[in-house]
Amino acid sequence: MSIIFMGTPEWAIPSLKALIDSRIKVSAVFTQPDRRTGRKKQLLASPIKKFAEKNEIKVFSPERTGSSENVKILNSFNPELVILCAYGQILNKSILEIPRIGCFNLHFSLLPKLRGASPVQTAISLGIEKTGVCLQKMILRLDAGPIIASSKPIKIKPSETSPMLGDKLARMGGLLIRDT
């Protein structure tokens, strides 16, 4: 089985690690391009790129995932599945149609609540009491595909920050991917 993983920040690492630990062959990882950060504007690789390279997985960092060149690269792997976690780009129809089984997104809320790119921050800012993670099959509409699996809800503590909650949800996501 050929699987492609797409993710960028630290929060995506538990999901990729779950696949690796399950002895599932991850053919390639796609992540955001290296970015200049800090006062010195140093060019830094994404956390998922560093993790993938450490695990000897081929990494691609396209500026635009939907470019014809990138579609050709993805097709060359003939993937059965594409798994996303906090990738940072929206996939177009040509990408969604590549894997035989489909593209699946790990979302950091219990959909349909808190669709969109910042569910962790939104949950905290709205004072939502419970959240979780879910794995959904992707369709052309953002966060609107069928839900394949969900975690049990967890309480959001009043003192919890976005980084704290995100770390917790990232670990839960890794477990959900492993178990699913």
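Residues numbered from 1 in each chain as written. Predicted model: local features only at pLDDT ≥ 70, side-chain atom pairs only at ≥ 80, totals over all residues. Heavy atoms only, no water.

**Re the environment of N78**
Rules: Secondary structure elements follow DSSP: runs of H or I of four or more residues count as helices, runs of E of two or more count as strands, with numbering from the N terminus. Note on exposure labels: buried denotes an accessible area under 20% of the residue type's maximum, exposed denotes more than 50%, and partly exposed covers the range between, all computed with a 1.4 Å probe on protein chains only.
For N78, the position within the fold is in the loop between α3 (68–76) and β6 (81–85). Look at N78 and you get exposed, because its relative accessible area is 59%. Along the primary structure N78 and I4 are separated by 74 residues, whereas in three dimensions their C-alpha atoms are 9.4 Å apart.

**Digging into the pairing of strand β2 (residues 26–30)**
In plain terms, the rule: At least two DSSP bridges between two strands are required for those strands to pair. By the criterion used throughout, a crossover qualifies as right-handed when its path from the first strand across the helix to the second strand runs clockwise, the strands pointing away from the viewer.
Of all five residues in β2, five are buried, a share of seventy percent or more. Taken together, the four bridges between strand β1 (residues 3–7) and β2 define a ladder with parallel strand orientation. The residue of β2 that forms the bridge with I3 is V26. Handedness of the β-α-β unit built from β1, helix α1 (residues 13–21) and β2 comes out right-handed. Note that β2 and strand β5 (residues 58–60) share three bridges and pair parallel. Across the sheet, F30 pairs through a bridge with F60, a residue of β5.

**Structural notes on the state of the cysteines**
Put simply, the rule is: Cysteine sulfurs are considered disulfide-paired once they come within 2.5 Å of each other.
Under the defined criterion, the tally for this structure stands at zero disulfides. For C85, which is in no disulfide, the shortest distance to another cysteine sulfur is to C134 and amounts to 11 Å. Exposure remark for C85: the relative accessible area of 0% places this residue in the buried category.

**Points about the packing of α1 against helix α2 (residues 47–54)**
What counts, and what does not: Angles run from 0 to 180 degrees between N-to-C directions of axes, and those axes are lines fitted to C-alpha atoms, restricted for helices to the stretch in contact. Oblique is the label for every angle not falling under 35 degrees (roughly parallel), over 145 degrees (roughly antiparallel), or within 65 to 115 degrees (roughly perpendicular). When the near helix sits turned anticlockwise from the far one by under a right angle, the crossing is termed left-handed; a clockwise turn instead gives a right-handed crossing. Should any heavy atoms of two residues lie within 4.5 Å, those residues are considered in contact. Charged residues are taken to be Asp, Glu, Lys and Arg, nonpolar residues to be Ala, Val, Leu, Ile, Met, Phe, Trp, Tyr, Cys and Pro, and polar residues to be all remaining types, Gly included.
Contact pair α1 / α2: the axes reach a minimum separation of 10 Å and the direction vectors enclose 20°. Between α1 and α2, the interaxial angle falls into the category roughly parallel. α1 and α2 meet at a crossing whose hand is right-handed. Note on element contacts: α2 touches α1 through P47, I48, F51 and A52, opposite I13, L16, K17 and I20. When grouped by side-chain class, the residues that make up the contact of α1 with α2 number seven nonpolar, no polar and one charged.

**Details of the nonpolar core**
The line we're drawing: For our purposes a nonpolar core is just a set of buried Ala, Val, Leu, Ile, Met, Phe, Trp, Tyr and Cys residues, chained together by side-chain atoms within 4.5 Å.
If you look at the biggest cluster of nonpolar residues, it comprises 36 residues, and the most contacted ones within it are F5, L16, V29, L106, F108 and L169. Elements with a minimum of two residues in this core: β1, α1, β2, α2, β6, β7 (102–107), α5 (119–125) and α6 (162–179). Among the elements that make up this core, the one with the highest residue count is α6 (six residues). With residues near it in sequence (within four places) discarded, F108 still touches W11, C85, P119, V120, T131, G132, V133, G166, L169 and A170. Residues I4, M6, A28 and V71 belong to the second largest nonpolar core, which totals 15 residues.

**Here we look at the packing of α1 against α6**
Contact geometry of α1 with α6 gives a least axis separation of 7 Å together with a crossing angle of 25°. Judged by the inter-axis angle, α1 sits roughly parallel to α6. Seen from above, α1 lies across α6 with right-handed handedness. Facing α1, whose interface residues are P14, S15, A18 and L19, α6 presents A170, R171, G173, G174, I177 and R178. By residue class, the composition of the contact of α1 with α6 is five nonpolar, three polar and two charged.

**Examining the sheet that holds β2**
What holds strands together in a sheet is hydrogen bonding between their backbones, with the strands either parallel or antiparallel. Taken in spatial order, the seven strands make up an open sheet running β5-β2-β1-β6-β7-β9-β10, and their pairing is mixed. One side of each edge strand has no neighbouring strand; the edge strands of this open sheet are β5 and β10 (147–150). With strand direction ignored, the average angle separating the axes of adjacent strands in the sheet is 20°. Along the sheet, α3 makes contact with β1, β2 and β5, crossing β2 at roughly 160°.

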